Amino acid sequence: MTPQTTTADYDDPSRRYSYRSELIERLRGGDGSLECGRVTLRTATSFGFCWGVDRAVSMVRDAIAEHPDERIWLLDQMIHNPRVNADFKAMGVRFLRGPFSDPDGGDLRADDVVIIPAFSAKVEDEERLKQLGCTIVDTTCPWVVRPHRRAVRYVNDGYTTVIHGLVRHEETAASCSLIASRGGHFLVVADQVETARLCAAIRGELGAAELLASLPEEACSPDFDPAVHLALVGTINQTTMLASETRLIEDMIRSAVVVRDGEAAAVDAFRELNTICKATQDNQDAVVSMAESAGLDLMVVVGGYDSSNTRNLTRAADGRFPSYHVIGPEAVDVGSIRHRCPVTGKPLVTHDWLPAGDVTVGFTAGASTPDTLLGATIQAVLEAAQVPLEAALRP
Ligand code: SF4
């Protein structure tokens, strides 16, 4: 079968194409606030399923409908939401790797259909699919292409790409693979601690061996030599990182280059491009705004535990009030809530989490969280407060 890319007409970011919820559409259509007995619900002005994920999910559904007789594979998780991946598995989609893959793995054939997730894919994976002759459905989000383009430009201009991202995240792994395939070099930093070590190396205060020893596995390109490959540095970031942290990291690296090269030379030796996507930026800005102005008693953030942008939404509230990152309605009980610590990443259980009396609860959701899941979680919170959902939906 000839390799091909299936495209679909999901080009309106203001529309919702999948997993629609009456409650969420009601909140989106109003001022983001509903009075339900003793509970006041507030939603951020921007939250949940982004256009890129909605588009990708819809393209997978189209592929299932268009290829009823072929085996359909996903390279890995479609997005970082277990509910959505489980739904695809229930529809017959197979997973080549990751938590939803079959234990005996996959033996791809030329007549298979293979879906590239919204995160994009490593160059070597794409080449293998083309060699096999599989039909490729590429759902890569257009926002993910932006850091890719910039990284290729850095490679062409002789710069090493420093990526603010998570080294095991599929999007960052794809960026690293692209850079390496073009003969370039990269280094991934997850946070300010790792960036501080990189900056010490740029300033000549940390030896090459010490820097390399401190990096997580696969955080730099093969044969990366700090003495050579930090001379010219350009930054990008995984599209779902915390925007404020990316800005700090860019400033830290620029300052280190200025110390090493002087202000004038640093203009050439350091380049930057903030590649956080609009949906991530909008959702983070909206959480900060809600945290500052909505008089919240607590906030519930809904999304998969391995979802980078969901974790960063919990961090964006900045400890002003209790914030609980939950996976869905099953995490919410009358007396306790099961959530993920945004600092350590460990699962936690908090008891007596819902105050008595009148309470204002803010809600937001990660870009990979379906509206239906957010709606069900809101319903679970109302049930925990012993307020019927009908009170929220009454005209
Ligand atoms: S979070 Fe951003 S980059 Fe990722 S799929 Fe959504 S719009 Fe695209």
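Structure report, in brief. (Residues numbered from 1 in each chain as written. Predicted model: local features only at pLDDT ≥ 70, side-chain atom pairs only at ≥ 80, totals over all residues. Heavy atoms only, no water.)

## Observations regarding the site of the ligand
Point 1. Lining the immediate surroundings of the ligand are Cys50, Gly52, Val53, Cys141, Trp143, Val144, Thr239, Thr240, Cys277, Thr280 and Ala367.
Point 2. Those elements that place two or more of their residues in the shell around the ligand are α2 (51-66) and α5 (142-157).
Point 3. Its residues placed into classes, the shell around the ligand shows seven nonpolar, four polar and no charged. (Near = heavy atom within 4 Å. Helix = DSSP H or I, 4+ residues; strand = E, 2+ residues; numbered from the N terminus. Nonpolar A, V, L, I, M, F, W, Y, C, P; charged D, E, K, R; others polar.)

## Focus on the pairing of strand β1 (residues 33-36)
Point 1. Note that β1 and strand β2 (residues 39-43) share four bridges and pair antiparallel. Note on β2: the bridge partner recorded for Ser33 is Arg42.
Point 2. Connecting β1 to the antiparallel partner β2 that follows it, the hairpin turn spans two residues, and Gly37 within it adopts a positive phi of roughly 55°. (Pairing = 2+ DSSP bridges.)

## Thoughts on the sheet that holds strand β8 (residues 186-189)
Point 1. One open sheet holds the four strands; their spatial order is β8-β7-β9-β10, and the pairing between them is parallel. The open sheet terminates on both sides in strands that have one partner only, identified here as β8 and β10 (270-272). Going from strand to strand, the sheet's axes swing by 20° on average, the running direction of each strand aside.
Point 2. Pairing between strand β7 (residues 160-164) and β8: four bridges, direction parallel. Each residue of the ladder has a partner; that of His164, found in β8, is Val189.
Point 3. Helix-sheet contacts for helix α10 (residues 243-261) involve β7, β8, β9 (233-237) and β10, and the interaxial angle to β10 is about 170°. (Axes fitted to C-alpha atoms, helices over the stretch in contact; angles between N-to-C directions. Contact = heavy atoms within 4.5 Å.)

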